[in-house]
Amino acid sequence: CKTSERKSRGGKAETWSRGAAKEKTLECGQIVWGLAFSAWPAAEDGDTDPACALGLPCLVLATGLNDGQIKVWEVQTGHLLFSLLGHQDVVRDLSFAPNGSPILVSASRDKTLRVWDLSRDVLFPSGDTFLPSPGRQVQVLSGHVQWVYCCSISPDCSMLCSAAGEKSALLWSMRSYTLIRRLEGHQSSVVSCDFSPDSALLVTASYDACVIMWDPYTGEQLRTLRHVPLHSTLDSSSEIHTSSLRSVCFSPEGLYLATVADDRLLRIWALEFRSPVAFAPMTNGLCCMYFPHGGFIATGTRDGHVQFWTAPRVLSSLKHLCRKALRTFLTTYQVLALPIPRKLKEFLTYRTF
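Residues numbered from 1 in each chain as written. Predicted model: local features only at pLDDT ≥ 70, side-chain atom pairs only at ≥ 80, totals over all residues. Heavy atoms only, no water.

Visitor: What exactly am I supposed to notice about the overall build of the protein chain here?
Guide: The number of helices and strands found in the protein chain is three helices and 27 strands. When each of the 353 residues of the protein chain is scored for burial, the buried share is 46%. Across the protein chain, the fraction of contacts at a sequence separation of at least 24, relative to all contacts at a separation of at least 6, is 45%. Per element, the accessible surface of the protein chain, about 17700 Å² overall, is 55% carbon and sulfur. (Helix = DSSP H or I, 4+ residues; strand = E, 2+ residues; numbered from the N terminus. Buried < 20%, exposed > 50% of the residue type's maximum accessible area, 1.4 Å probe, protein only. Contact = heavy atoms within 4.5 Å. Areas by Shrake-Rupley, 256 points an atom, 1.4 Å probe, with all protein chains shown as cover.)

See the structure below:
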């Protein structure tokens, strides 16, 4: 694998540290199905990697490929850090641990999820000695009977949700790497999942045209958002199942959801309502993702485009900020055990808004 660079059209390219703009191509040699970014720890003394010579964390990009490989790249230089081998089919999705630890989870059409430790100092046995490992496979998670489409690690790094071509999503422990429970409630294949920023909520999207909001700690269904097609936006000659959902994601502050469906609409939902608060017309939509600091949504399409949309901005209320702060470190069971009024417990567990 190699990296090709071109100077920006603005003139003479400068070094990265001076803010140069370069077009960069990572030659993966295979169709790329999944992508995930993460920060990389700063180099230790004696590390000759030029990108870490500044003593700062580096940005890395993991790519999931058509042949089952995962290639992890250093973005600044285009240097290939790891080639992770183990999957037997397409790597469909990738998710780094949100807490900055070098843990990567991959989802594949081989019906498994794999957990990888990309620590610089990981060692593996070789005869009587231990040698540095180029990315170590920690665990293989088996339980799906169909292709695994999506995986999402909770922001507190305690749970992992995976969605396959099945009517249920699987919830795993990231501490013991065991199955916690099956989330059953959809009537068709679950294709997308995402955790709220405080890890207190989990949403799943399905071909049955519904988004279900779950309490991941109890497995309880909190509410269902149903996609009702707006017929005026549809082409009557289309043979697409117009209500099939493709993707769902939380906004950074945790008050909104974005969904993409085959009815050619991007929808924005406020958690306290059961109907969308905003629409945007789009065609061939497959996925959506909020900008990390809010205000914008990126959508990916079948025809090779990424589109950007202005999203509703909101100033979080004090009570929501308090709930978010508490739920970041309190499970549902811990909240229910608090000596506080019932209505306050219902608010803190998202039974009310």
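Visitor: Would you take a moment to explain the UniProt feature "repeat: WD" (unreviewed entry) in the protein chain for this structure?
Guide: Here, UniProt's "repeat: WD" (unreviewed entry) annotation points to residues 61-83, 84-119, 141-182, 183-224 and 238-272. The span residues 61-83 carries 0% helix and 65% strand; its end-to-end C-alpha distance comes to 12 Å. (UniProt positions renumbered as here; feature names shortened; annotations may be inferred.)

Visitor: Which parts of the structure should I look at to understand the sheet that holds strand β27 (residues 306-310)?
Guide: Hydrogen bonds between backbone atoms are what pair the strands of a sheet, whose relative direction is either parallel or antiparallel. With respect to topology, three strands assemble into an open sheet ordered β25-β26-β27, the strand pairing being antiparallel. Of all the strands in the sheet, the pair left with one neighbour each is β25 (285-290) and β27. Across the sheet, the mean angle separating the axes of adjacent strands is 25° when strand polarity is ignored. (Pairing = 2+ DSSP bridges. Axes fitted to C-alpha atoms, helices over the stretch in contact; angles between N-to-C directions.)

Visitor: Hey, could you run me through unusual backbone geometry in this one?
Guide: Both trends apply: most residues other than glycine have a negative phi, and most peptide bonds are in trans. In this model, Y177 sits at a positive phi of 55°, which is unusual for a non-glycine residue. Checked against the element boundaries, Y177 lands in the loop between β15 (168-173) and β16 (179-184). A residue is classified by how much of its surface remains accessible, and Y177, at 17% relative accessible area, is buried. Its identity as a non-glycine residue notwithstanding, A209 has a phi of 75°, on the positive side. Mapped onto the fold, A209 is located in the loop between β18 (202-206) and β19 (210-215).

Visitor: Sorry, what's going on with the sheet that holds strand β3 (residues 32-40) here?
Guide: Within the open sheet, the four strands sit side by side as β3-β4-β5-β6. Their pairing is antiparallel. Either end of the sheet is taken by a strand with one partner, and the two such strands are β3 and β6 (79-84). Within this sheet the neighbouring strands show an average axis-to-axis angle of 20°, counted without direction. In terms of strand pairing, strand β5 (residues 70-74) meets β6 through five bridges, oriented antiparallel. Among the inter-strand pairings, I70 is bridged to a residue of β6, identified as L84.

Visitor: I tried to follow the pairing of β18 on my own but got confused; where do I start?
Guide: Consecutive residues of a regular strand have side chains that alternate between opposite faces of the sheet. Of all the five residues making up β18, five are buried; the element is thus mostly covered by neighbouring parts of the structure. Between the antiparallel neighbours strand β17 (residues 190-195) and β18 lie six residues, among them S199 with a positive phi of about 70°. Inspection of the sheet shows β18 paired to β19 by four bridges, in the antiparallel sense. Bridge pairing in β19 links T204 to I212. Turn length for the β18-β19 hairpin, with the two strands adjacent in sequence and antiparallel, is three residues, and the turn residue A209 shows positive phi of about 75°.

Visitor: Honestly, the pattern of salt bridges in this entry has me stumped. Any pointers?
Guide: Between side chains of opposite charge, pairing is possible as soon as their charged atoms come close. Counted under the stated rule, the structure contains seven salt bridges. When the shortest N-O distance is used, the salt bridge between R114 and D110 registers 3.9 Å. D110 shares its class with R114; the two are buried. Salt-bridge contacts for R246 lead to D262; the nearest nitrogen and oxygen are separated by 2.8 Å. Of this pair, R246 sits in strand β21 (residues 245-250) while D262 sits in the loop between β22 (256-261) and β23 (265-270), and the two are 16 residues apart along the sequence. (Salt bridge = Lys/Arg side-chain N within 4 Å of Asp/Glu carboxyl O.)

Visitor: Would you explain the environment of L170 in this entry?
Guide: Tracing the backbone through its elements, the reader meets L170 in strand β15. L170 sits in the buried class, given a relative accessible area of 0%. Between the C-alpha atom of L170 and that of G143, which follows or precedes it by 27 residues, the distance is 8.1 Å. Once you skip the residues sitting within four places of it in the chain, L170 turns out to touch G143, H144, L160, C161, S162, L179, R181 and R182.

Visitor: Whenever I open this one, the UniProt feature "domain: SOCS box" (unreviewed entry) in the protein chain confuses me. Can you help?
Guide: As recorded in UniProt, the feature "domain: SOCS box" (unreviewed entry) lies at residues 317-353. Within residues 317-353, the helical portion is 59% and the strand portion 0%, while the C-alpha atoms at the span's ends are 11 Å from each other.

Visitor: What is the right way to look at the nonpolar core in this model?
Guide: In summary, soluble globular proteins display a tendency toward joint burial of nonpolar side chains. Counting residues in each nonpolar core, the largest one holds 17 residues, and the members touching the most others are V105, L113, L141, I153, L160 and M174. Where this core is concerned, the elements lending two or more residues are β8 (103-108), β9 (112-117), β13 (148-153), β14 (159-164) and β15. Excluding its chain neighbours within four sequence positions, the residues that come into contact with I153 are S95, F96, A97, P98, V105, M159, L160, M174 and F195. Membership of the second largest hydrophobic core comes to 16 residues, among which are L201, L245, A261 and W269. (Core = buried A, V, L, I, M, F, W, Y, C linked by side-chain atoms within 4.5 Å.)

Visitor: Would you take a moment to explain the packing of aromatic side chains for this structure?
Guide: Counting across every chain of the model gives two aromatic pairs. Summarising the aromatic geometry, the rings of F291 and F296 are spaced 6.4 Å apart at their centres and angled 80° between planes, so their arrangement reads as edge-to-face. Judged by its relative accessible area of 41%, F291 is partly exposed. By relative accessible area, F296 is classed as partly exposed at 39%. Between R109 and the ring centre of W33, over which it is positioned, the NZ or CZ distance is 4.5 Å. Above the ring of F347, the side-chain terminus of R323 is found at 4.1 Å from the ring centroid. (Phe/Tyr/Trp six-rings, centres within 6.5 Å; stacked < 30°, edge-to-face > 60°. Lys NZ or Arg CZ within 6 Å of the ring centre and 35° of its normal.)

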